[in-house]
Amino acid sequence: MSKSYAIAVIEGDGIGPEVVREGLRVLERVAAIEGFQAKPTRFPFGANHYLATQEVLPDPAFEEIRGHDAILLGAIGDPRIPVGHLEFGIIARLRFGLDLYVNLRPVKLYAEHLCPLKDKTPEDVDMVFVRENTEDVYTGLGGIFKKGTADEVAIQEMIFTRKGTERVIRYAFDLARKRGKQKKLLMIDKANAIRAMDLWTRTFEEVGADYPDIARDHAYIDAACMWMVKNPEWFDVAVVANMFGDIITDLGAMVQGGMGAAASGNIHPGQVSMFEPIHGSAPKYAGKNVSSPVATIAAVQMMLDYVGETRAASRIDATLGELLRTKQIPSLTTGALATDATGDLVCAALEKTAVPA
């Protein structure tokens with residue numbers, strides 16, 4: 001009997017429903033090829049649902065989502081809703097409520113012509129960032145006092161714990177070992193200026209003693225950003241705190257060809273985890289069938305790899321690579337190829353793609 005996976009789907013706002021539609025088409029096609037089942041359950045949460053019901057993500061729905069094998073998220077954000085209201089109520093609630101402590105961000109260049117860096121090839125741009133996902137300034141500890149007055153004060157606390165720091169660093173060491181590429185882990189912090197990050201520096205060294213086969217390197221965040229532009233080939237696996245990870249991974253997305261290429265996983269190993277394209281909801285393009293679904297398809301690839309369908313994941317990865325290298329998908333910019341036409345190309349090419357036995 002074939003395996004079956006329950007997938008919670010939140011299409012969200014703006015272009016979310018369009019790109020998710022194509023991601024689910026690819027999921028259905030690759031499942032048929034590889035002999036498993038994927039059963040999506042759609043949840044309506046996002047701006048339209050909120051405006052109609054005043055619900056963001058109610059407790060019963062959260063518990064129902066928790067019972068799935070994985071979550072596929074489109075995009076959240078709508079100019080009709082105050083900034084952050086839906087983002088915190090849906091994305092942050094899932095990240096914190098499900099304790100998705102790893103934000104996994106591959107930076108992989110599929111085709112040389114997509115890279116804005118001179119003379120860099122796919123061999124030079126193949127790295128993974130492990131961003132801590134549940135601490136730092138994103139916990140929301142702080143507030144605003146005397147708002148709107150001349151005496152206004154705004155405070156946001158940066159929080160690190162030994163447990164949170166150690167578990168994400170250990171995950172990154174394990175990933176560097178599993179990838180087996182350069183077998184190197186770079187730890188990125190700013191401990192020279194933010195002394196609380198000495199916890200990261202010490203924990204990295206202590207945990208690293210358990211991984212003698214993995215070379216260790218260290219960089220401050222400003223230097224790491226410079227090196228990524230100058231020498232992306234130096235990077236293999238990097239581990240970084242939440243806020244700096246948010247910044248450097250978007251730089252990585254541009255190195256790999258733009259937001260239309262980049263996907264992420266919000267992961268708690270062994271538990272339900274969430275996968276999404278990293279681009280925003282782009283409401284001005286909603287309903288126009290012009291947005292690239294490649295990042296969402298890449299998120300489906302990550303999701304399948306996570307649940308153990310590695311052949312299916314490899315098939316999607318190789319298919320995207322071939323279509324982008326040969327310029328059948330000419331670029332990842334808006335309007336370069338229709339959203340549904342991109343999905344058609346990927347679905348048609350999947351069966352022809354050779355994957356290891």
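Above this text is the structure in question.
On a predicted model such as this, the values are computed, not experimentally measured, just so you know.

**Q** So what exactly am I meant to see when it comes to the packing of aromatic side chains here?
**A** For any pair of aromatic rings, geometry is given as the distance between the ring centres together with the angle between the planes. Counting across every chain of the model gives 8 aromatic pairs. Look at Tyr5 and Phe36: their rings are 5.8 Å apart centre to centre, the planes differ by 80°, and that puts the pair in the edge-to-face class. Separated by 31 residues along the polypeptide, Tyr5 in strand S1 (residues 4-12) and Phe36 in the loop between helix H1 (16-34) and strand S2 (37-43) bring together distant segments of the chain. Each member of the pair, Tyr5 as well as Phe36, is classed as buried.

**Q** Quick question: what am I supposed to make of the environment of Leu94 here?
**A** Looking at where Leu94 falls in the secondary structure, it is placed in helix H4 (residues 85-97). Owing to a relative accessible area of 0%, Leu94 belongs among the buried residues under this scheme. Measuring from C-alpha to C-alpha, the distance between Leu94 and Phe160 comes to 20 Å, with 66 residues separating the pair along the chain. Leaving out residues up to four positions away in the same chain, Leu94 has contacts with Ile10, Leu57, Phe62, Ile65, Ile71, Asp99, Leu100 and Met274.

**Q** What exactly am I supposed to notice about the packing of helix H3 (residues 59-66) against H4 here?
**A** Geometrically, a packed helix pair is captured by the angle between its two axes and the distance between the axes. Relative to each other, H3 and H4 sit at 55°, their axes nearing to 12 Å. With respect to H4, the element H3 is oriented oblique. Relative to H4, the crossing made by H3 is right-handed. Every residue of H4 that contacts H3 at Asp59, Phe62, Ile65 and Arg66 is listed here: Arg93, Leu94 and Gly97.

**Q** Teacher, can you tell me more about the packing of helix H5 (residues 162-179) against helix H6 (residues 198-208) here?
**A** The interhelical angle for the contact between H5 and H6, taken along N-to-C directions, is 45°, at an axis separation of 10 Å. Considering the angle they form, H5 stands oblique to H6. As for how H5 packs across H6, the hand of that crossing is right-handed. For the pair formed by H5 and H6, the contact residues are Arg162, Thr165, Glu166, Val168, Ile169, Arg170 and Phe173 on the first element and Leu199, Trp200, Thr203, Phe204, Glu206, Val207 and Gly208 on the second. Considered class by class, the residues forming the contact of H5 with H6 number 7 nonpolar, 3 polar and 4 charged.

**Q** Honestly, empty space enclosed by the protein in this entry has me stumped. Any pointers?
**A** Where empty space is left becomes clear once a probe the size of a water molecule has been rolled over the atoms. Here the structure, examined in full by the defined rule, presents 1 cavity of 30 Å³ or more. In this structure, the largest cavity occupies an estimated 30 Å³ of space. If you trace the largest cavity, you find it lined by Ser292, Ile329, Ser331, Leu332, Thr333, Ala336, Leu337 and Thr342. Class assignment of the residues belonging to the lining of the largest cavity gives a composition of 4 nonpolar, 4 polar and no charged.

**Q** Can you walk me through helix H9 (residues 294-307) in this structure?
**A** Side chains three or four residues apart in an α-helix point the same way, a direct result of the helix having 3.6 residues per turn. Along its 14 residues, H9 runs 20 Å from first to last C-alpha, staying within 8% of the 20 Å computed at 1.5 Å per residue. Most of H9 is tucked away, with 11 of its 14 residues classed as buried. Three or more residues of H9 are buried, namely Val294, Ala295, Thr296, Ile297, Ala298, Ala299, Val300, Gln301, Met302, Met303 and Leu304.

**Q** Which parts of the structure should I look at to understand the pattern of salt bridges?
**A** Pairing is possible between side chains that carry opposite charge, provided their charged atoms lie close to one another. Going through the model one piece at a time under the given rule, you end up with 30 salt bridges. With its nearest N and O atoms 3.3 Å apart, the salt bridge here joins Arg42 to Glu11. With a gap of 31 residues between them, Arg42 in strand S2 and Glu11 in strand S1 connect regions that are remote in the sequence. The closest approach of N and O atoms between Asp78 and Arg80, which form a salt bridge, is 2.9 Å.

Basis of the calculations
- Residues numbered from 1 in each chain as written.
- Predicted model: local features only at pLDDT ≥ 70, side-chain atom pairs only at ≥ 80, totals over all residues.
- Heavy atoms only, no water.
- Phe/Tyr/Trp six-rings, centres within 6.5 Å; stacked < 30°, edge-to-face > 60°.
- Helix = DSSP H or I, 4+ residues; strand = E, 2+ residues; numbered from the N terminus.
- Buried < 20%, exposed > 50% of the residue type's maximum accessible area, 1.4 Å probe, protein only.
- Contact = heavy atoms within 4.5 Å.
- Axes fitted to C-alpha atoms, helices over the stretch in contact; angles between N-to-C directions.
- Parallel < 35°, antiparallel > 145°, perpendicular 65-115°, else oblique.
- Left-handed = near helix turned anticlockwise from the far one by under 90°.
- Nonpolar A, V, L, I, M, F, W, Y, C, P; charged D, E, K, R; others polar.
- 1 Å grid on protein atoms, 1.4 Å probe; cavity = no way out; pocket = protein on both sides within 12 Å on 5 of 7 lines; lining within 4 Å.
- Points joined across faces, edges and corners; volume = space filled by probe spheres on them.
- Expected span 1.5 Å × (residues − 1).
- Salt bridge = Lys/Arg side-chain N within 4 Å of Asp/Glu carboxyl O.

Keep in mind these values describe shape, not function.
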